[in-house]
Amino acid sequence: MSRNALLDDNEEEDAQEFSLHEKLKRVWRNERCAPTLLHYEAELIEEVQRAVEGQEEEMLAARQTTSDGTRLFMIALLELEIDRFRFLLRSYLRCRLQKVQKFNQFLLSNADRVGLMSAEEMKFCKEYTDMMQGHYNASFLDKVPLSLRDLGKPELTVEPPVNNHVFVRVLEGVDNVQMGDVDEVDLKEGEIAIVKYSNVDEFIRQEKLELV
Amino acid sequence: MLCDTAVELVRELQRDSWLPPYNSGSVNQVVKETLEVYQSAAETMRDKPNEEDRTHWDILQMTTQMACLERNKRCVMAYHKHRAEEIMRVRWECGTSVMQQELQERLSAQELQLSNDYDRLLSNYMINIGEDISMDMEPPRSTKITVRVLKDYGEIATMEGSINLVRNSEHYVRRIDVQHLIRQGYLEHVSS
């Protein structure tokens, strides 16, 4: 993906770049606003990482061969854009890792939940859980009677607060969204609503709603 | 009263700006109390294996004892969990695996081990994904920033050559070359 696009005026590549940025921003925003861990966007992240690496290489090359003031300025702007991409990418991964830590036992409890994580996140989650168990054991659990050592009880597992309310923006109209105990509402494109996350998580997955 | 030590242990956490020194005395006290209560309940179960032989008083006592055991466990878990989470938070804030000496002194041996283990876990994860996610903690406003040197650091290599970081000097550098030094307290971002 050539980023001399801005310098050489290639509209199609500009549009592709723009939509990658928009997709990353939406995925980042959803993950930051969601009370639980969302599905890992493997393809998108890989595409972003490839794009950023490619652009960085081109920037380095361009810097070494250009001394024209205007072009150097353009290169600086593009470097800032690369920084922004990198920030979104890293913030997304950070946000997810913090949720993996917080809800570690919950996420390991069944196959569907495990499936939300990337392979690396799952490895981290398992090792993190073992690390914490080992820490508790060494600090005091080994000294208490056997029957008290069980940490698998429901009240000791931190669960994501999926019943929290969230703000959503409607991308594609959806009908019969549950609001409150009885009401059902039709949401139209462009509207913004406050809903219980658990009532709309499926629509968010289908990209009909986005979190704001 | 039963569980007083455990509850006090948790309360203690609020009294310091970070973490108070690890209170192994109280933790051991709670473990001791837990064992005693457990023994007492176990004795009753042993002496009166049939439910019909147990008086109302026995049942009341055992219910209270079970509640005490649970409470002690929850309190001690909460104490350790909070401390562990604070240790991990410091790792993220400082961006480095080396914790300041005055903070290290407040931790138990197991907590120091935890700190090392977590650092290793995090480093391995970042190597696996090929991204250093402890960098770029804030949205970038510009590629280059002005920084003032707070403590002598020596020479660093940047994309534009090497720079000597001497106390009180100011430099206009790329953010990514120096952000880790800002977090460790060697440099200060001077806002323009």
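No experiment lies behind these values; they were computed from the predicted model shown.

Attention shifts here to the environment of Ala41 of chain B. With respect to the helices and strands, Ala41 of chain B occurs in helix H2 (residues 24–47). On the basis of relative accessibility, which here comes to 6%, the residue Ala41 of chain B falls in the buried class.

Between chain A and chain B, the contact holds 42 residues from the first and 45 residues from the second. A combined buried area of about 4100 Å² lies between chain A and chain B, and 65% of that area is made up of carbon and sulfur atoms. The interface formed by chain A and chain B contains four salt bridges. Linking chain A with chain B are 13 residue pairs in polar contact (both at pLDDT 80 or more). Elements with a minimum of two residues in the side of chain A that touches chain B: helix H3 (42–65), helix H4 (69–102) and helix H7 (119–139) of chain A. Of all the elements, H4 of chain A adds the most residues to the side of chain A that touches chain B, at 14 residues. A breakdown of the residues in the side of chain A that touches chain B according to their chemical character gives 20 nonpolar, six polar and 16 charged.

Here the focus is the pairing of strand S2 (residues 174–179) of chain A. In this structure, S2 of chain A lies alongside strand S3 (residues 183–187) of chain A, joined through four bridges in antiparallel fashion. The residue bridging Met179 of chain A from the neighbouring strand is Asp183 of chain A, located in S3 of chain A.

As a further point, take the sheet that holds strand S5 (residues 187–190) of chain B. Residues and elements named next belong to chain B. In space, the three strands of this open sheet follow the order S4-S1-S5, with antiparallel pairing throughout. For this open sheet the edge positions go to strand S4 (170–174) and S5, each flanked by a neighbour on one side alone. With direction set aside, neighbouring strand axes in the sheet form an average angle of 40 degrees.

Rules behind the numbers
Residues numbered from 1 in each chain as written. Chains lettered and ligands numbered in written order. Predicted model: local features only at pLDDT ≥ 70, side-chain atom pairs only at ≥ 80, totals over all residues. Heavy atoms only, no water. Helix = DSSP H or I, 4+ residues; strand = E, 2+ residues; numbered from the N terminus. Buried < 20%, exposed > 50% of the residue type's maximum accessible area, 1.4 Å probe, protein only. Contact = heavy atoms within 4.5 Å. Buried area = accessible area lost by both parts, 1.4 Å probe. Salt bridge = Lys/Arg side-chain N within 4 Å of Asp/Glu carboxyl O. Polar contact = N/O pair within 3.5 Å; in protein donor to acceptor, adjacent residues only side chain to side chain. Nonpolar A, V, L, I, M, F, W, Y, C, P; charged D, E, K, R; others polar. Pairing = 2+ DSSP bridges. Axes fitted to C-alpha atoms, helices over the stretch in contact; angles between N-to-C directions.

Functional significance is not addressed by these values, which are geometric in nature.
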